[in-house]
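Per-entry structural report
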Amino acid sequence: MAVWDCPDFLDLPERDQKPRRVGLTHVLDKGITPPALEALLTQAGDFIDVLKIGWGIAYVDPAVKERVALCNAAGVLVSLGGTLLEVCAAQGRVDELRHWAAGIGVGAIEVSDGLQAMTLDQKTGLVRSLANDFTVFAETGAKDGHAPVVTEKWLAEMEADLAAGASWVIAEGRESGTVGLYHDDGSVRAELVDAIAARLPLDRVIFEAPRKAQQTWLIRRLGAGVNVGNVPLDEVLPLETLRLGLRADTAVTGQVTLR
């Protein structure tokens, strides 16, 4: 990673150095090329904690092993997308996925039930099994925008996943930011976020927030140290400015403290 003369004359929120547990930036990778990824990591790798290779892209990407190696060298944890695991579970190929992922250097796997094809017990069983070999991100919420969002069910599922060994739980928002945590117009289900924040340890929760307005809302509501997921690759630095109050949406005149 390049070393540069970072200015330090402003009063800004304190940011932990990697590896950190608060203020995580979890990005969605849709198949960036190795040269472009290397350039991104040189410029913004210090601000990226987790890179999720979306959906089943890792399975069809001939450059995946090279890209995983670049992330590992930069201290960025690589996670496979939950949809790939769901397909493997449906076909009885979880062990094959486990061996392949470990072989190419992947350190994390997302366990989700976005397709609504497994029971809660089956999902937590996968969390428990995979947590022996990987960092597990367990996602709650359906990918179908018509699926009901029941707060108590979300909370119970998140608690069960943490008890089963998940390192973090993820609140679903998808790439679109129009399901799960969000209404179909992209506005936040505030009562759901508040319930999660009241009942679960916030350092163990990642809120998917692909849109700037959603990121801003979360930072204002939960503080600059909120864990944000599904961030587009070209939004890493802009998100950091939101966290630090270097953008009009979150700017302050005095020093801010991470919550």
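This is a predicted model, so every value here is computed, not measured.

Comments concerning the environment of E38
Residue position: E38 is located in helix α1 (residues 34-44). Sequence separation between E38 and L126 is 88 residues; the distance between their C-alpha atoms is 32 Å.

Some remarks on the packing of aromatic side chains
Counting across every chain of the model gives two aromatic pairs. Relative to W100, the ring of Y59 has its centre 6.2 Å away and its plane inclined at 70 degrees; by these criteria the two rings are edge-to-face. Of this pair, Y59 sits in helix α2 (residues 57-60) while W100 sits in helix α5 (residues 94-103), and the two are 41 residues apart along the sequence. For Y59, a relative accessible area of 62% translates into the label exposed. Ring plane angle 10 degrees and centroid distance 5.4 Å describe the contact between F137 and W168, whose orientation is recorded as stacked. Placement of the pair is F137 in strand β5 (residues 135-140) and W168 in strand β6 (residues 168-171), with a sequence separation of 31 residues.

As for the sheet that holds strand β1 (residues 25-29)
Taken together, the eight strands give a closed barrel; going around it, the order is β1-β2-β3-β4-β5-β6-β7-β8, and neighbouring strands pair in parallel fashion. Neighbour to neighbour, the strand axes of the sheet diverge by 30 degrees on average, direction disregarded. Relative to strand β8 (residues 228-232), β1 runs parallel, the two sharing three bridges. Looking at the pairing, T25 lines up with V228 of β8.

Things to note about the confidence of the model for the protein
Low pLDDT means the predicted coordinates in that region are not meant to be read closely. Mean pLDDT over the protein works out to 94, with 96% of the residues at or above the 70 mark. A low-confidence stretch, residues 254-259 (pLDDT under 50), is modelled with 16 contacts involving residues beyond four sequence positions or located in other chains.

A few points about the pairing of strand β2 (residues 50-53)
By the alternation rule, side chains of β2 split into V50 and K52 and L51 and I53, which are all buried. Sheet analysis places β1 next to β2, joined by four bridges and oriented parallel. Among the inter-strand pairings, L28 is bridged to a residue of β2, identified as K52. By the bridge criterion, four bridges tie β2 to strand β3 (residues 77-80) in an arrangement that is parallel. Opposite K52, over in β3, you have S79 as the bridge partner.

Examining the pattern of salt bridges
Using the criterion set out here, one finds 18 salt bridges in the structure. The residue D29 makes a salt bridge to R67 at a minimum N-O spacing of 2.5 Å. Here D29 is found in strand β1, whereas its partner R67 is found in helix α3 (residues 64-73), with 38 residues between them in sequence. With a shortest N-O distance of 3.0 Å, R199 and E152 are connected by a salt bridge. Taken together, the residues span a long stretch of sequence, with R199 in helix α8 (residues 190-199) and E152 in helix α7 (residues 151-164) at a distance of 47 residues.

Things to note about α7
Between its first and last C-alpha, α7 extends 20 Å over 14 residues, near the 20 Å set by a 1.5 Å rise per residue. Of the residues making up α7, those classed as buried are W154, L155, E157, M158, D161, L162 and A164. On its buried face, α7 is in contact with α6 (120-130), β5, β6 and α8.

Structural notes on the nonpolar core
Judged by nonpolar contacts, the single largest core of 64 residues is most densely connected at L181, I196 and F207. Sorting elements by how many residues they give to this core places α7 first, with five residues. Judged by nonpolar contacts, the second largest core, of seven residues, contains V50, A108, W168 and I206.

Concerning the environment of V226
Position of V226 relative to the elements: it lies in the loop between α9 (212-222) and β8. The spacing of V226 and G114 is 112 residues in sequence and 23 Å in space, taken between C-alpha atoms. Ignoring sequence-local partners within four residues, the contact set of V226 consists of G23, L24, F207, L218, I219 and R243.

Considerations on unusual backbone geometry
The omega torsion across K18 and P19 is -5 degrees, close enough to zero to call that bond cis. The backbone of Q116 shows a phi angle near 55 degrees, a positive value even though the residue is not glycine.

Thoughts on the pairing of strand β4 (residues 108-111)
Residue alternation in β4 divides its side chains into two sets, A108 and E110 and I109 and V111, and both sets are buried. Alignment of β3 against β4, held across two bridges, turns out to be parallel. Of the residues in β4, the one forming a bridge with L80 is I109. Relative to β5, β4 runs parallel, the two being bridged by four bridges. Within β5, the residue paired with E110 across the bridge is F137. Crossover β4 to β5 through α6 is right-handed.

Reading the values: the criteria
- Residues numbered from 1 in each chain as written.
- Predicted model: local features only at pLDDT ≥ 70, side-chain atom pairs only at ≥ 80, totals over all residues.
- Heavy atoms only, no water.
- Helix = DSSP H or I, 4+ residues; strand = E, 2+ residues; numbered from the N terminus.
- Phe/Tyr/Trp six-rings, centres within 6.5 Å; stacked < 30°, edge-to-face > 60°.
- Buried < 20%, exposed > 50% of the residue type's maximum accessible area, 1.4 Å probe, protein only.
- Pairing = 2+ DSSP bridges.
- Axes fitted to C-alpha atoms, helices over the stretch in contact; angles between N-to-C directions.
- pLDDT = per-residue confidence, 0-100.
- Contact = heavy atoms within 4.5 Å.
- Salt bridge = Lys/Arg side-chain N within 4 Å of Asp/Glu carboxyl O.
- Expected span 1.5 Å × (residues − 1).
- Core = buried A, V, L, I, M, F, W, Y, C linked by side-chain atoms within 4.5 Å.
- Right-handed = clockwise from strand over helix to strand, strands pointing away.

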